[in-house]
Amino acid sequence: MLIRVSPQHPIKPSEITPESVHADRRQFLARMGLAGAGLALAGCSEAKPPQPSVSAAAGPEAALPALDVKKKTEMAGNEKLTPYDDVTHYNNYYEFGTDKADPARNAGTLRTRPWTVAIDGECEAPGQFDLDTLIKPHALEERIYRLRCVEAWSMVIPWVGFPLADLLKRFKPNSRAKFVQFYSLADAAQMPMIKRGVLPYPYREGLRIDEAMHPLAFMVVGLYGKVLPNQNGAPIRLMTPWKYGFKSAKSIVRIRFTETQPETTWNAIGAAEYGFYGNVNPEVDHPRWSQASERRLGELFRKPTLPFNGYPEVAPLYAGMDLRRYY
Ligand SMILES: Nc1nc2c(c(=O)[nH]1)N[C@H]1C(S)=C(S)[C@@H](COP(=O)(O)O)O[C@H]1N2
Ligand SMILES: [Mo]
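This one's a predicted model, so the numbers in the text were calculated from it and none came from an experiment.

Draft legend 1. Structural context of the overall build of the protein chain. Of regular secondary structure, the protein chain possesses eight helices and 15 strands. Out of the 327 residues belonging to the protein chain, those deemed buried represent 51%. The long-range fraction of contacts in the protein chain, counting pairs at least 24 apart against all pairs at least 6 apart in sequence, stands at 72%. Carbon and sulfur atoms provide 58% of the accessible area of the protein chain, an area that totals close to 14700 Å².

Draft legend 2. The arrangement of the pattern of salt bridges in detail. Evaluation of the coordinates by the stated rule reveals 17 salt bridges. Residue arginine 146 pairs with glutamate 79 through a salt bridge whose shortest N-O separation is 2.8 Å. Of this pair, arginine 146 sits in strand β6 (residues 140-148) while glutamate 79 sits in the loop between β3 (69-74) and α3 (84-89); the two residues are 67 residues apart in sequence, bridging distant segments of the chain. Of the charged contacts in the structure, one is a salt bridge between aspartate 102 and arginine 105, with a shortest N-O distance of 2.7 Å. Of the two residues, aspartate 102 and arginine 105 are both situated in helix α4 (residues 102-106); the distance of three residues between them amounts to about one turn of the helix. Classification of arginine 105 as exposed rests on a relative accessible area of 58%.

Draft legend 3. Spotlight on the side chain of serine 248. With respect to the secondary-structure elements, serine 248 resides in the loop between β12 (237-239) and β13 (252-258). Given a relative accessible area of 6%, serine 248 falls into the buried group. A polar side-chain atom of serine 248 sits 2.9 Å from a polar atom in the side chain of arginine 237. At 2.8 Å, the side chain of serine 248 forms a polar contact with the backbone oxygen of glycine 245. If we skip the residues at most four places from it in the chain, serine 248 touches Arg237, Leu238 and Met239.

Draft legend 4. Spatial organisation of the sheet that holds strand β4 (residues 116-121). Sheet architecture is open: five strands sit in the order β5-β4-β13-β8-β9, paired in mixed fashion. Edge positions in the open sheet fall to β5 (127-130) and β9 (204-208), since each of these has one partner strand only. Taken over all neighbouring pairs, the strand axes of this sheet differ in orientation by 20° on average, direction set aside.

Draft legend 5. Main features of the site of ligand 1. In the vicinity of ligand 1, 17 residues are found, and the nearest of them are Asn91, Tyr94, Glu95, Arg237 and Lys250. A distance of 2.8 Å is found between an oxygen atom of ligand 1 and a backbone nitrogen or oxygen belonging to tyrosine 94. According to the grid-proximity analysis, the pocket containing ligand 1 is the largest cavity. For the shell around ligand 1, the residue count by class is eight nonpolar, six polar and three charged.

Draft legend 6. Up close: the environment of lysine 303. Here lysine 303 shows up in strand β15 (residues 303-304). Put simply, lysine 303 and alanine 152 are 151 residues apart on the chain and 10.0 Å apart in space, counted from C-alpha to C-alpha. Excluding its chain neighbours within four sequence positions, the residues that come into contact with lysine 303 are Glu79, Ala292, Ser293, Glu294 and Arg296. Here the side chain of lysine 303 touches glutamate 299 through a polar contact of 2.9 Å, side chain to side chain.

Draft legend 7. Main features of the pairing of strand β7 (residues 153-163). Burial of β7 is extensive: eleven of the eleven residues sit out of reach of the surface. The sheet contact formed by β6 and β7 spans eight bridges and is antiparallel. For arginine 146, the partnering residue across the bridge sits in β7 and is valine 156. The antiparallel hairpin formed by β6 and β7 contains four residues in its connecting segment, where alanine 152 sits at a positive phi of about 75°. Bridge count for β7 against strand β14 (residues 293-296) is two bridges, and the pairing is parallel. Counterpart to tryptophan 153 in the pairing with β14 is arginine 295. The pairing of β7 with strand β10 (residues 218-223) spans five bridges and is classified as antiparallel. Its bridge partner being in β10, tryptophan 159 is matched across the sheet by leucine 223.

Draft legend 8. Representation of the packing of aromatic side chains in the model. Under the defined criterion, the tally for this structure stands at 15 aromatic pairs. Ring geometry for tyrosine 277 against tyrosine 318: centres 6.1 Å apart, planes inclined by 90°, an arrangement best described as edge-to-face. Within this pair, whereas tyrosine 277 is found in the loop between α8 (265-269) and β14, its partner tyrosine 318 is found in the segment after β15, the two being separated by 41 residues in sequence. Note on accessibility: tyrosine 277 and tyrosine 318 belong to one class, buried. A connected cluster of aromatic rings, assembled from ring pairs, spans Phe179, Phe276, Tyr277, Phe308, Tyr318 and Tyr326. The ring of phenylalanine 276 has lysine 247 lying over it, and the distance from NZ or CZ to the ring centre is 4.4 Å. A cation over a ring is seen here: arginine 254 above tyrosine 183, with NZ or CZ 4.6 Å from the ring centre.

Parameters at a glance
Residues numbered from 1 in each chain as written. Chains lettered and ligands numbered in written order. Predicted model: local features only at pLDDT ≥ 70, side-chain atom pairs only at ≥ 80, totals over all residues. Heavy atoms only, no water. Helix = DSSP H or I, 4+ residues; strand = E, 2+ residues; numbered from the N terminus. Buried < 20%, exposed > 50% of the residue type's maximum accessible area, 1.4 Å probe, protein only. Contact = heavy atoms within 4.5 Å. Areas by Shrake-Rupley, 256 points an atom, 1.4 Å probe, with all protein chains shown as cover. Salt bridge = Lys/Arg side-chain N within 4 Å of Asp/Glu carboxyl O. Polar contact = N/O pair within 3.5 Å; in protein donor to acceptor, adjacent residues only side chain to side chain. Pairing = 2+ DSSP bridges. Axes fitted to C-alpha atoms, helices over the stretch in contact; angles between N-to-C directions. Near = heavy atom within 4 Å. 1 Å grid on protein atoms, 1.4 Å probe; cavity = no way out; pocket = protein on both sides within 12 Å on 5 of 7 lines; lining within 4 Å. Sits in = over half its atoms within 2 Å of the grid points. Nonpolar A, V, L, I, M, F, W, Y, C, P; charged D, E, K, R; others polar. Phe/Tyr/Trp six-rings, centres within 6.5 Å; stacked < 30°, edge-to-face > 60°. Lys NZ or Arg CZ within 6 Å of the ring centre and 35° of its normal.

Below you can see the structure in the form of structure tokens.
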């Protein structure tokens, strides 16, 4: 989403456009070149799983510590993994810039330790927790999930984390806890775009409590076996693979249980375009583009988009709901 508004003017939903056509074409052509090279290489090393590319390994991510992964689950139909270099250099993280290359360039200023997460709202055991203490009780698991961005591109990523439900239950949500809201960090000293005000910060997202408790909802602390790069939402972010990527808040500092549906960032600035649910649905187009197909990063041809992004096990959460109305 390229936003062409000056910081002095409040943003209108009509001004939030997808990647501009020429930028998209430039990237597409560049990728065709890359994809061609990738194809030739893949022919010689078919048995090998995709590895972080040389350029990524030489960058700052090379220093990221490996994580102790206890269990691995393939949950993307054995589709080819998106190369590490793409996963970490084609990002949406507006606090560090609106261009897809900006987060990798600018997120080096984010300090991910010490890191505190506040848990509050409708629960019996709220508190402020040091991140390492918070995640210590959880065995780390790798889950290969698809990420489908609302802008109609997608990736297949080996995330490392643990079920969100396991975390939430520890704080004993009470009977009024009907939703969960997530807040990203908003620190102008570390995030160059906070003052520019392209989005209303802090970035906030939310789930209904039953969605949050669904076994697919995942708290992410790493990818490709290593600690999360800053641009991917270090030190802790959400991943709900059946929803558009904007639901997965990065660099989370607060988790709040609420009784009523919480405000979420994209919904607040453009409710007609970004629903609270954000479930991937090929039949419900974005007002300005189709959601029927997607461009998988690193691949030449578009793929059809699947209902719930290919995770039909979540469908019972929405039984009886009109998914055109609750998009
Ligand atoms: N705090 C914050 N979280 C965010 C965003 C953002 O701009 N700020 N972008 C969202 C969007 S639109 C997507 S598609 C995913 C992208 O995650 P990735 O860069 O790890 O692929 O992060 C989501 N989480
Ligand atoms: Mo997105």
